[in-house]
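# Residue-level structure breakdown
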Amino acid sequence: MTAQVLVLLGTKKGAFLLTGNEGRTEWHLRGPFCEASPIYHMVYDDATHLLYAAGGNPWFGPGIWRSENVGETWSHTNIGLTYGEAGPGISTIWHLTPARDVIYAGADPAGLFASTDQGLTWTHVEGLRNHPTCAQWQPGYGGLCLHSIVVHPTEPDRMWVGISAVGTFATADGGQTWATRNQGVRAEFHPERYPEFGQCVHKLLLTADGAQLYQQNHCGVYRSDDAGVHWQEITAGLPSDFGFPLALHPRDPNTLYVIPLNGGDKGRYVPEGRMVVWRSTDGGDSWGPLTRGLPEEHAYLGVLREGMAVDTLDPVGIYVGTSTGQVFGSHDEGESWQQICTNLPPILSVETALVEA
Amino acid sequence: MAQVHLPRALTALVPGLPLRVELDAQAVQELIAKLDQRWAGLANCLCNSHMTLRPHINVYVDGERAMLSTMLHPRSVVRVLMAVSGG
């Protein structure tokens, strides 16, 4: 069997799929799918071989699409995607994470949903919105989205979520109860520099071995070696503390990638119009630029929080989708890059999958 | 029976939903609830959780702009339209 890399692209105008050849040097584009609705995240469940896309339609509200045949046909559901009459209306589904026998979905306004029937129907995981701070959650520019869901690889009742302008929360009982996990994370836009919550986490990820959490925040990049109880800032060496995406090497917990932008109040494009992916191979203690093949000037583009992903091949492939519709790919762990697609709608998310050729 | 006309984009999201349906209902809200019984998820497409129409969904009954509480006649014509929206 030959494995084939799929790059899953959620865009402002539907879902797209890029299929790579064996060398990851040539790519075939399909789409748009999902009725050209804005798609905020896509994911492929290796266990069931089902492909999911999540988003929101400006007329018909939140939706999750599912494909049983790697994108040939799709079906839509919104069953259960509600907080009920007492809760706020949901505009969008922002993120999907398959776990063992469940798929989780994050919504805007922030809340967690779960499906145990492979995405056909959904149930609100009420514990998170029962947290005593919920009434004080305030949306930022990106809304009040729950955009990151990470599940411990061997203890599935342990999870962490990231909520824009609210921060990180953790559960150890499958979502029944939650605790804030923001100690050591700055909130420069808040009256207190280190509040209990209110931090603007942009992307939260867990290493494959479950030992470290990393986050790209509105105010810096951070690592936690104790399940999020304490965070250590690892921004030093980067050109800016502001950025959205974060990607982790699938096997080396000390290697991670970020794409800093020029600043939260400065236009939010790559510094000086020069696109650079920054890599650390020592857990964020130091950083180095990766530039070969990336635009070196007049590139006033951004990359959103779901806009970078890695595959699991050796060497690792890295894929970046921009707010201006380009996809850049590297098949050598970031040493060199090629533009593998352009002229797409603004790209909201990038994920990868390995499927049978 | 009320005659209900639905937008084509909605039929793409809800499997099996036709463009035109006839059914009995006293008011728009009951009509949507009955549609949802036959095509699960349809009410969530048209209404938010507070049981009001979504902001970019317009319903007309016999040519007049309607709300969920608008009453229907046995031969009412109900048109569900997508408002100008998007970018």
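Because the structure is predicted, anything quoted here is derived from the model rather than measured.

## Let's talk about the overall build of chain A
Across its full length, chain A carries zero helices and 28 strands. Over its C-alpha atoms chain A spans a radius of gyration of 19 Å, differing by no more than 12% from the 21 Å that the globule rule assigns to 357 residues. For chain A, the spread of C-alpha atoms along the principal axes amounts to about 50 × 45 × 40 Å. When the 357 residues of chain A are sorted by exposure, 54% land in the buried category.

## Thoughts on the overall build of chain B
Each helix and strand counted, chain B has three helices and five strands in total. Starting at the N terminus and walking to the C terminus, you meet the elements of chain B as β-α-β-α-α-β-β-β. Taken against the 2.2 N^0.38 rule, which gives 12 Å for 87 residues, the C-alpha radius of gyration of chain B at 12 Å falls within 12% of a compact globule. Taken along its principal axes, the extent of the C-alpha atoms in chain B is 35 × 25 × 25 Å. Of all 87 residues assigned to chain B, the portion counted as buried reaches 30%. In chain B, the proportion of contacts linking residues at least 24 apart, taken out of those at least 6 apart, comes to 45%.

## Focus: the pairing of strand S6 (residues 61–67) of chain A
Residues and elements named next belong to chain A. For S6, a buried count of seven out of seven residues is recorded, marking the element as mostly surrounded by other parts of the structure. Where S6 meets strand S7 (residues 75–77), three bridges bridge the pair, whose relative direction is antiparallel. Bridge pairing links Trp65 to His76 in S7.

## A few points about the environment of Leu50(A)
Residues and elements named next belong to chain A. Structurally, Leu50 is set in strand S5 (residues 50–57). Here the alpha-carbon distance between Leu50 and Gln118, two residues 68 residues apart in the chain, equals 8.1 Å. Discounting chain neighbours no more than four positions away, the residues touching Leu50 are Asp45, Arg66, Glu68, Gln118 and Gly119.

## A closer look at the sheet that holds strand S18 (residues 220–224) of chain A
Hydrogen bonds along the backbone pair up the strands of a sheet, which may run parallel or antiparallel. All names here are of chain A. The antiparallel open sheet is built from four strands, whose spatial order is S16-S17-S18-S19. Each edge of the sheet is formed by a strand with only one pairing partner; in this case those strands are strand S16 (201–206) and strand S19 (232–233). Bridge count for S18 against S19 is two bridges, and the pairing is antiparallel. Across the sheet, Arg223 pairs through a bridge with Gln232, a residue of S19.

## Observations concerning the pairing of strand S14 (residues 167–171) of chain A
Remark: a regular strand shows side chains that alternate across the two faces of the sheet. Residues and elements named next belong to chain A. Where burial is concerned, most of S14 is hidden: four out of the five residues are buried. What sits between the antiparallel neighbours strand S13 (residues 159–163) and S14 is a turn of three residues, in which Ala165 has the positive phi angle 65°. Of the pairings in the sheet, the one linking S14 to strand S15 (residues 179–180) comprises two bridges and is antiparallel in character. Residue pairing for S15: Ala170 is matched across the bridge by Ala179.

## Topic: the interface of chain A and chain B
How big an interface is tends to be reported as the loss of accessible area on association of its parts. With 18 residues of chain A in contact, the opposing surface of chain B contributes 19 residues. Of all the secondary-structure elements, those providing two or more residues to the side of chain A that touches chain B are S6 and S7 of chain A. For the side of chain A that touches chain B, the element with the highest residue contribution is S7(A), accounting for three residues. The residue makeup of the side of chain A that touches chain B, split by class, is six nonpolar, ten polar and two charged.

## Details of the sheet that holds strand S8 (residues 92–98) of chain A
Residue and element names in this part refer to chain A. Spatial strand order, S8-S9-S10-S11: four strands in an open sheet with antiparallel pairing. Bordering the open sheet on either side are S8 and strand S11 (123–125), each of which pairs with just one other strand. Averaged over all adjacent pairs, the angle separating strand axes in this sheet is 35°, with direction ignored. In this sheet, strand S10 (residues 111–115) lies alongside strand S9 (residues 103–108) in antiparallel orientation, the contact comprising five bridges. Looking at the pairing, Ala105 lines up with Phe113 of S10.

## What to know about the nonpolar core
Soluble, globular proteins show a tendency: their nonpolar side chains are buried together. In this structure, Leu9(A), Ala54(A), Ala105(A), Met308(A) and Val320(A) are the most contacted members of the largest nonpolar core, which totals 104 residues. What Val320(A) contacts, discounting residues up to four positions off in sequence, is Ile259(A), Val277(A), Val303(A), Gly307(A), Met308(A), Val327(A), Phe328(A) and Val350(A). The next biggest cluster of nonpolar side chains, apart from the first, holds 25 residues, and it includes Phe60(A), Leu10(B), Ile32(B) and Leu35(B).

## Description of unusual backbone geometry
All names here are of chain A. Omega for the bond connecting Gly31 with Pro32 falls within 30 degrees of zero, at -5°, which places this linkage in the cis form. By the secondary structure assignment, Pro32 is in strand S3 (residues 27–33). Note that the residue after Asp314, namely Pro315, is joined by a cis bond; omega there is 0°. Its identity as a non-glycine residue notwithstanding, Arg24 has a phi of 60°, on the positive side. For Arg24, the position within the fold is in the loop between strand S2 (14–20) and S3. In this structure Arg24 comes out as buried when scored by C-beta crowding, with 21 C-beta atoms within 10 Å.

## Looking at helix H2 (residues 28–38) of chain B
Residue and element names in this part refer to chain B. Every buried residue of H2 is listed here: Val28, Leu31, Ile32 and Leu35. Angularly, the buried residues of H2 cover 95° about the axis, an arc narrow enough to put them on a single face. Buried residues along H2 sit in contact with strand S1 (2–5), strand S2 (20–23), helix H3 (42–46), strand S3 (57–61), strand S4 (64–66) and strand S5 (77–82).

## Brief notes about the confidence of the model for chain B
Summing up the model confidence of chain B, the mean pLDDT is 94 and the portion of residues at 70 or higher is 98%. Across the assembled chains, the prediction reports ipTM 0.93 with pTM 0.96.

Conventions used here
- Residues numbered from 1 in each chain as written.
- Chains lettered and ligands numbered in written order.
- Predicted model: local features only at pLDDT ≥ 70, side-chain atom pairs only at ≥ 80, totals over all residues.
- Helix = DSSP H or I, 4+ residues; strand = E, 2+ residues; numbered from the N terminus.
- Rg over C-alpha atoms; globule rule 2.2 N^0.38 Å.
- Buried ≥ 20, exposed ≤ 12 C-beta atoms within 10 Å, placed from the backbone.
- Contact = placed C-beta atoms within 7 Å.
- Pairing = 2+ DSSP bridges.
- Nonpolar A, V, L, I, M, F, W, Y, C, P; charged D, E, K, R; others polar.
- Axes fitted to C-alpha atoms, helices over the stretch in contact; angles between N-to-C directions.
- Core = buried A, V, L, I, M, F, W, Y, C linked by C-beta atoms within 7 Å.
- Arc of directions from axis to C-beta.
- pLDDT = per-residue confidence, 0-100.

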